[in-house]
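# Residue-level structure breakdown
As a plain string of letters, each chain reads:
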Amino acid sequence: MIVLVTGGARSGKSSFAESWCIKHSESGNGLYIATAQAFDEEMKERIQLHRDQREESGFIWTTQEEPLRLPELLRTSSQAGSGSPVVLVDCLTLWLSNVLLSDGEENGPGGESRTESSIRQLVEAVSAYSGQLVLVTNEVGSGIVPEYKLGRQYRDLAGRLNRSIAAIADQVFLVTAGIPIELKSREYRL
Ligand SMILES: Nc1nc2c(ncn2[C@@H]2O[C@H](COP(=O)(O)OP(=O)(O)OP(=O)(O)O)[C@@H](O)[C@H]2O)c(=O)[nH]1
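Note that the structure is a prediction, hence the values are computed from the model and not measured. (Residues numbered from 1 in each chain as written. Predicted model: local features only at pLDDT ≥ 70, side-chain atom pairs only at ≥ 80, totals over all residues. Heavy atoms only, no water.)

### Things to note about the overall build of the chain
For the chain, the helix and strand inventory stands at six helices and seven strands. Starting at the N terminus, the α and β elements of the chain follow one another as β-α-β-α-β-α-β-α-α-β-α-β-β. C-alpha atoms of the chain, sized along the principal axes, occupy 45 × 40 × 30 Å. Looking at the chain as a whole, 41% of its 190 residues qualify as buried. Accessible area of the chain: about 10600 Å², with a carbon and sulfur share of 51%. One way to put it: in the chain the 19 positive side-chain charges average out to a point 5 Å from where the 25 negative ones average out. (Helix = DSSP H or I, 4+ residues; strand = E, 2+ residues; numbered from the N terminus. Buried < 20%, exposed > 50% of the residue type's maximum accessible area, 1.4 Å probe, protein only. Areas by Shrake-Rupley, 256 points an atom, 1.4 Å probe, with all protein chains shown as cover. Lys, Arg positive; Asp, Glu negative; His and termini not counted. Charge placed at Lys NZ, Arg CZ, Asp CG, Glu CD.)

See the structure below:
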């Protein structure tokens, strides 16, 4: 069961995704995969707030911080069976910016950049995932065209990544102003 939760900054997507996991978990416990890195005090405080909220939820969360090697981690945490934890990844767009910023200039075989190859590996890992997996992402690209090349590159890659994950997800939600809207239901097929 793959669920994608998208939305803008502070839209309430993370708390909706956490509530979804608590409500639908088959095992009663969850693995929270954080892709954020605390580079400054503001981010440290925000992360601590999220940790406190998870603690107060009464649900059993294990936290794993993984800014880059998300495809590998999903491959190893993919398990069938009702005892395995619901996995929540927060968030894909931060993972993408970590990957893009660590990417070199040189392309691999077939002209694919390291970032494009990482995206392909992530989509493959999600597609092959067995178990309950909830992925949070940001809705980017609705504003003005970014001034810098890296910003435009990021916007385009994030749009493609979200489309690819949405295509293989069983359920997709858009959270806006704290309200989740179901964009793709489990019965939906093109
Ligand atoms: N490293 C680390 N990051 C965490 C942890 N808990 C949460 N985060 C990060 O916190 C980020 C989400 O927090 P915010 O930036 O406040 O949320 P937001 O996505 O802007 O807002 P909402 O749409 O309301 O969720 C995600 O990118 C998570 O990876 C943690 O324990 N460790």
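### What to know about the pattern of salt bridges
Scanning the entire structure with this criterion turns up seven salt bridges. Taking the shortest distance from any N to any O, the salt bridge between E72 and R69 comes out at 3.7 Å. Close ionic contact of R155 with D156 constitutes a salt bridge, the shortest N to O distance being 3.1 Å. Salt bridges sharing partners connect three or more residues here, namely E112, R120 and E124. (Salt bridge = Lys/Arg side-chain N within 4 Å of Asp/Glu carboxyl O.)

### Comments concerning the packing of aromatic side chains
Aromatic rings considered in pairs are described by the distance between their centres and by the relative angle of their planes. Enumeration according to the criterion identifies three aromatic pairs in this entry. Aromatic pair F16 and F173: ring centres 4.8 Å apart, planes at 65°, arrangement edge-to-face. Here the residue F16 occupies a position in helix α1 (residues 13-24), and F173 occupies one in strand β6 (residues 171-176), the gap between them amounting to 157 residues. Residue classification places F16 among the buried residues on the basis of a relative accessible area of 18%. According to the relative accessible area criterion, F173 is buried, its value standing at 9%. Considering the side-chain rings of F59 and W61, the 5.1 Å spacing of their centres and the 65° angle between planes classify their relative orientation as edge-to-face. Relative accessible area serves as the criterion here: at 12%, F59 is assigned to the buried category. Given a relative accessible area of 13%, W61 falls into the buried group. (Phe/Tyr/Trp six-rings, centres within 6.5 Å; stacked < 30°, edge-to-face > 60°.)

That is the geometry; function is a separate question.
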